[in-house]
Amino acid sequence: MKYIREFRDGGLARKLAAAISREADPDRHYNLMEFCGGHTHAIFRYGVQDLVPANVEYVHGPGCPVCVLPVRRLDDAVELALKEGVILTTYGDMMRVPGTKQKSLIRARAEGADIRMVYSTQDALNVARDNPDRQVVFFAIGFETTTPPTAVAILQAQAEGLTNFTVFCNHVLTPPAIAHIVNAPFEPGEKPVRIDGFLGPSHVSSVIGWAPYEPAAREFKKPVVIAGFEPLDVMQSTLMLIRQINKGRHVVENQYTRVVTREGNRKAQSLVAQVLELRRTFEWRGLGYVPDSALRIRDTYAAFDAEKRFTVSPKDSREVKSCECPAILRGVKKPTECKLFGTVCTPDNPMGACMVSSEGACAAYWTYGRKRGAAIPAKGAAA
Ligand code: SF4
């Protein structure tokens, strides 16, 4: 398939691996955070970590939208789903994420809640059209990639005069998260990880462009390379980061030129800006409250905002005990450092979002055989 096969070419991978080995300074350790779960899965699926020298280490970042949703918002979604007359619609991965006391949406469905898995916002709108006597809530999660379809769904609902469609908006933004993670607070006893550079989001950047990462790269002196999701994309981006680090440069470069431009998709940006606005602060699992890092529905569209149409009670929400997802999302622990990994917690019986999500780091370790890699060394953890 064009744009797939040529980015998985073994001969080119070996050449890139040789170039990385040649250019990586043996006297230093490179901690490269791949922001996206898609990058994490590419690294493990194709064994990229094994192709690069031991002093080039990939640190898994918070770029899995299911994983970063805090338990409290999931608990709120469960409460919404259990309200009389409500149909809650959401993407498949969200259904199995455990909330407080391990209560997931799928468990709420077993208790009688009407929760339906959808593949798109258009599916959710169809549920609303087909059920005019019910209130249909779309549980919207995701980074900037999935935000435009949410905005379009709200505009469509308004144009059609749908009065039974609302959105529980949990869309989050990547540039503030990258800026925050460099200075993320650490829990007592955690060893801080020095991040030397970022493999920047690819699909997200196709929407917002790569310019929004420039302030963080400049301020924190960390290079960012927007990287595609195929193995050669990741390896070429690694080489680009190593070259910047070696020269003491810290700018945004774009490896994913076949998709991403500096400006991004202006039409999508303007649709989002019409319907959604910045939240002053928003909680991320692992990162805590991050300023200006999420979106909410503008007052003009309040009729479609589930947070305004329904009330949810305050909660004492809690992570599953011993789940290390928050530390993994900060890059300070690997999945194999969680004592539940592969024992209590597996994809069939997930204890945390990082094992449920198709983009989660724990799922990547399990799926591609790293479950045997308890010995994967936690290299270069020193600041
Ligand atoms: S292995 Fe399971 S319990 Fe441990 S951090 Fe990952 S998701 Fe959480």
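Coordinates for the structure precede this section.
No experiment lies behind these values; they were computed from the predicted model shown.

Glancing now at the packing of helix H8 (residues 121-130) against helix H9 (residues 147-160). Between H8 and H9, whose axes approach to 9 Å, the crossing angle comes to 25°. In terms of their interaxial angle, H8 and H9 are classed as roughly parallel. As H8 packs across H9, the resulting crossing turns out to be right-handed. Here Thr121, Gln122, Leu125 and Arg129 of H8 lie close against H9, whose contacting residues are Pro149, Thr150, Ala153, Gln156, Ala157 and Glu160. Among the residues making up the contact of H8 with H9, the classes are represented as four nonpolar, four polar and two charged.

This part is about the environment of Cys64. Along the chain, Cys64 turns up in the loop between strand E2 (56-63) and helix H4 (65-68). In this structure, the C-alpha to C-alpha distance between Cys64 and Gly38, residues 26 residues apart in sequence, is 8.1 Å. Leaving out residues up to four positions away in the same chain, Cys64 has contacts with Gly37, Phe143, Ser357, Glu359 and Gly360.

Right, let's get into the environment of Pro175. Within the secondary structure, Pro175 is located in helix H10 (residues 174-182). Separated by 25 residues in sequence, Pro175 and Thr150 have C-alpha atoms that sit 20 Å apart. If we skip the residues at most four places from it in the chain, Pro175 touches Glu144, Ile208, Pro212 and Tyr213.

Rules and cut-offs
Residues numbered from 1 in each chain as written. Predicted model: local features only at pLDDT ≥ 70, side-chain atom pairs only at ≥ 80, totals over all residues. Heavy atoms only, no water. Axes fitted to C-alpha atoms, helices over the stretch in contact; angles between N-to-C directions. Helix = DSSP H or I, 4+ residues; strand = E, 2+ residues; numbered from the N terminus. Parallel < 35°, antiparallel > 145°, perpendicular 65-115°, else oblique. Left-handed = near helix turned anticlockwise from the far one by under 90°. Contact = heavy atoms within 4.5 Å. Nonpolar A, V, L, I, M, F, W, Y, C, P; charged D, E, K, R; others polar.

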